[in-house]
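Listed here are the chains, written in short residue letters.
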Amino acid sequence: MKTNTKDYLPSPSRDRWDAMFYDRHHGYVSNLGKDLLELLDPKTGEHILDLGCGTGHLTYRITESGAQVVGIDRATTMIEAASRTYPQVNFEVGNAENLEWIEQFEAVFSNAVLHWVKPPEPVIEKVWSALKPGGRFVAEFGGRGNVRAIVAGLCEALDEAGYPENKTLNPWYFPGIVEYGTLLENRGFQLRMAQLFDRPTPLDDGRNGLRNWLEMFAGQFFQSIPAAEKRAIINRVETQLSPQLYRHGTWMADYRRIRIVAVKPECG
């Protein structure tokens, strides 16, 4: 029996994020990136690229230092929202793999973005090209083991529902320190800092926290799955993970982050 297309819930596209839903239910993404700004240490007059700026909150914080900042994101919805909120900041729709700047920036900053981009080498190449000699690359994103429990629970629920092939639609790249550090050094970067650390993260909205997280970030796993079955799969994931990740009325995502600071040498 053919299922009517209205019975399918669309999976979020990396080009068309729901910016209002993102800000309303996932504000912790930018909030937890604030200490990354200390590593960036922006200075007055510096030109800085915020790679994957989302709705622009951290981009604006960087401008408060007196730096001149360009925020780019491939999602037009995010750029539209950022431009409405911070009209004084330069935001552009752009793709990390296709940056066209050549030695324009003293720093490239990126928070919670690079795990969406694979393979990673094209982005590293474009960051290298965009940086001036002596420029720095400061980034944090999902590292090896990130959301391991959530992914395992989701994959088991997909198997139980009869959609094992959807497990291959995993959109994320979660490297370890040696893997990603080697990629940077092979391109010529000097690796100044690399950390891989656990960061259990409380999700907003209480009982609905995991459900909203799956809707926002794991949509690719649900491609071509009817809406009713998608809801049933999410219910299975919640039931399975509740003893492990639901604590005192709040879901805790088992985040594991990689944080790097790398410098493009002055010469060589």
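Structure shown above.
Rules used in this analysis
Residues numbered from 1 in each chain as written. Predicted model: local features only at pLDDT ≥ 70, side-chain atom pairs only at ≥ 80, totals over all residues. Heavy atoms only, no water. Pairing = 2+ DSSP bridges. Helix = DSSP H or I, 4+ residues; strand = E, 2+ residues; numbered from the N terminus. Axes fitted to C-alpha atoms, helices over the stretch in contact; angles between N-to-C directions. Contact = heavy atoms within 4.5 Å. Parallel < 35°, antiparallel > 145°, perpendicular 65-115°, else oblique. Left-handed = near helix turned anticlockwise from the far one by under 90°. Nonpolar A, V, L, I, M, F, W, Y, C, P; charged D, E, K, R; others polar. Expected span 1.5 Å × (residues − 1). Buried < 20%, exposed > 50% of the residue type's maximum accessible area, 1.4 Å probe, protein only. Salt bridge = Lys/Arg side-chain N within 4 Å of Asp/Glu carboxyl O. 1 Å grid on protein atoms, 1.4 Å probe; cavity = no way out; pocket = protein on both sides within 12 Å on 5 of 7 lines; lining within 4 Å. Points joined across faces, edges and corners; volume = space filled by probe spheres on them.

K.L.:
So, the sheet that holds strand S3 (residues 90–93): which residues are in play, and what are the values?
P.N.:
Pairing is mixed in the open sheet, where seven strands are placed in the order S3-S2-S1-S4-S5-S10-S6. The two strands at the open ends of the sheet, each matched to only one other strand, are S3 and strand S6 (190–198). In this sheet, neighbouring strand axes are inclined to one another by 15 degrees on average, regardless of whether the strands run parallel or antiparallel. Pairing of strand S1 (residues 47–51) with strand S2 (residues 68–73), which is carried by five bridges, proceeds in the parallel orientation. In the strand pairing of S2, Leu49 is matched with Val70. Taken strand by strand, helix H6 (residues 121–130) contacts S1, strand S4 (105–111) and strand S5 (131–142), and its axis lies near 145 degrees from that of S5. Sheet strands in contact with helix H8 (residues 177–187) are S5, S6 and strand S10 (256–263), and its direction is about 160 degrees off that of S6.

K.L.:
An account of the packing of helix H7 (residues 148–161) against helix H10 (residues 227–245) is requested, with residue identities and associated values reported.
P.N.:
One way to put it is that H7 packs onto H10 with a least axis distance of 9 Å and a crossing angle of 135 degrees. As far as their axial angle goes, H10 and H7 are oblique. Note on packing geometry: the crossing formed by H7 with H10 is right-handed. Contacts from Ala149, Ile150, Gly153, Leu154, Glu156, Ala157, Leu158, Glu160 and Ala161 of H7 reach H10 at Glu229, Ile233, Arg236, Val237, Gln240, Leu241, Gln244 and Leu245. For the contact of H7 with H10, the class distribution of residues is 10 nonpolar, three polar and four charged.

K.L.:
So, H7: which residues are in play, and what are the values?
P.N.:
If you check H7, its first and last C-alpha atoms are 20 Å apart, about what 14 residues at 1.5 Å a residue would give, namely 20 Å. Among the residues of H7, those classed as buried are Ala149, Ile150, Val151, Gly153, Leu154, Cys155, Ala157 and Leu158. Structurally, H7 contributes buried residues whose contacts are with helix H9 (209–217), H10 and strand S9 (250–253). Directly after H7, the chain includes Gly162, whose backbone phi takes a positive value near 90 degrees.

K.L.:
Let's hear about the pattern of salt bridges: which residues, and what values?
P.N.:
Counted by the stated rule, this structure contains 16 salt bridges. Note that Arg259 is salt-bridged to Asp35, the shortest N-O span being 3.4 Å. Within this pair, whereas Arg259 is found in strand S10, its partner Asp35 is found in helix H3 (residues 34–40), the two being separated by 224 residues in sequence. Taking relative accessible area as the criterion, Arg259 reaches 9% and is therefore assigned buried. Classification of Asp35 as partly exposed rests on a relative accessible area of 35%. Close ionic contact of Glu215 with Lys230 constitutes a salt bridge, the shortest N to O distance being 3.0 Å. Of the two residues, Glu215 sits in helix H9 while Lys230 sits in helix H10, which places them 15 residues apart along the sequence. On the basis of relative accessibility, which here comes to 26%, the residue Glu215 falls in the partly exposed class. One connected set of salt bridges, linked through shared partners, spans Asp35, Glu140, Arg199, Arg257 and Arg259.

K.L.:
Account for empty space enclosed by the protein, with residues named and values stated.
P.N.:
One pass over the full model with this rule turns up one cavity of 30 Å³ or more. Volume-wise, the largest cavity comes out at about 30 Å³. Leu114, Val117, Pro120, Val123, Tyr173 and Tyr180 together form the lining of the largest cavity. Looking at the lining of the largest cavity residue by residue, the class counts come to six nonpolar, no polar and no charged.

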